[in-house]
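Single-letter residue listing:
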Amino acid sequence: MFNPFKKKYSNEELDLIAFMAQTRHFEKLDEDELALFLPSMYLRTYQQDEVVFFSGDPSHALYVIKRGSVSLSIDVNDKFEQLAETYRGGIFGDNSLIEDAKRIYTTVITSEKAQLYVVPQINILEIFQSHPEVKAKMMSAFSEIYNEYTTQLFKTYKSHFGFFELSKVYQGKI
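Quantities reported herein were computed from a predicted structural model and do not represent experimental measurements.

Trainee: Looking at this structure, how should I read the overall build of the protein?
Mentor: What the protein contains, in helices and strands, is five helices and eight strands. Tracing the protein from N to C terminus, the helices and strands come up as α-α-β-β-β-β-β-β-β-β-α-α-α. Residues counted as buried form 41% of the 174 residues belonging to the protein. Of the contacts made within the protein by residues no fewer than 6 positions apart, 71% connect residues no fewer than 24 positions apart. With an accessible surface of roughly 10200 Å², the protein has 53% of that area assigned to carbon and sulfur atoms.

Trainee: Honestly, the pairing of strand E8 (residues 113–120) in this entry has me stumped. Any pointers?
Mentor: Across a regular strand the side chains alternate sides, sitting on one face of the sheet and then on the other. Here E8 lies mainly inside the structure; seven of its eight residues are buried. Both strand E1 (residues 42–47) and E8 contribute to a ladder of six bridges, which runs antiparallel. Considered in E8, the bridge of tyrosine 42 is made with valine 118. Direction of pairing for strand E3 (residues 61–67) relative to E8: antiparallel, over a ladder of six bridges. In the strand pairing of E8, alanine 61 is matched with proline 120.

About the thresholds
Residues numbered from 1 in each chain as written. Predicted model: local features only at pLDDT ≥ 70, side-chain atom pairs only at ≥ 80, totals over all residues. Heavy atoms only, no water. Helix = DSSP H or I, 4+ residues; strand = E, 2+ residues; numbered from the N terminus. Buried < 20%, exposed > 50% of the residue type's maximum accessible area, 1.4 Å probe, protein only. Contact = heavy atoms within 4.5 Å. Areas by Shrake-Rupley, 256 points an atom, 1.4 Å probe, with all protein chains shown as cover. Pairing = 2+ DSSP bridges.

Rendered as structure tokens:
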């Protein structure tokens, strides 16, 4: 049934809502729930080889890739081992959904340029506080994703007798 009082969104807002709905972390949210994040999404352009954040940094924002690619790596014996490379629609820095978390990997832009939506943790937590149903849906998606990582970690560990590259765990998961 048509509701004349329902909030109307601009075409630009609808495009961003549709884009977010295609990502794993936001896919369980409806249009109005996704719209809660719009005022907090800041589009930022990064250059190739620019570091978005380092391992050990405070987790103060969630990132969604609009354009370009990003490498997620860990520091092993003073060298970076790539865990994954992620592209349009990929989300990283998702441990910002957890208060007081630290970054567990380093991210570097691998494409010539990348455009990332930056969603500050403070805004996410405010939305979670005022909309517990949004928090429940997003944390459910977050849990499912981390369960997949853990399952793949154990599967890879078993099949390689404890000797494997961590990139095998993240293949196709980010």
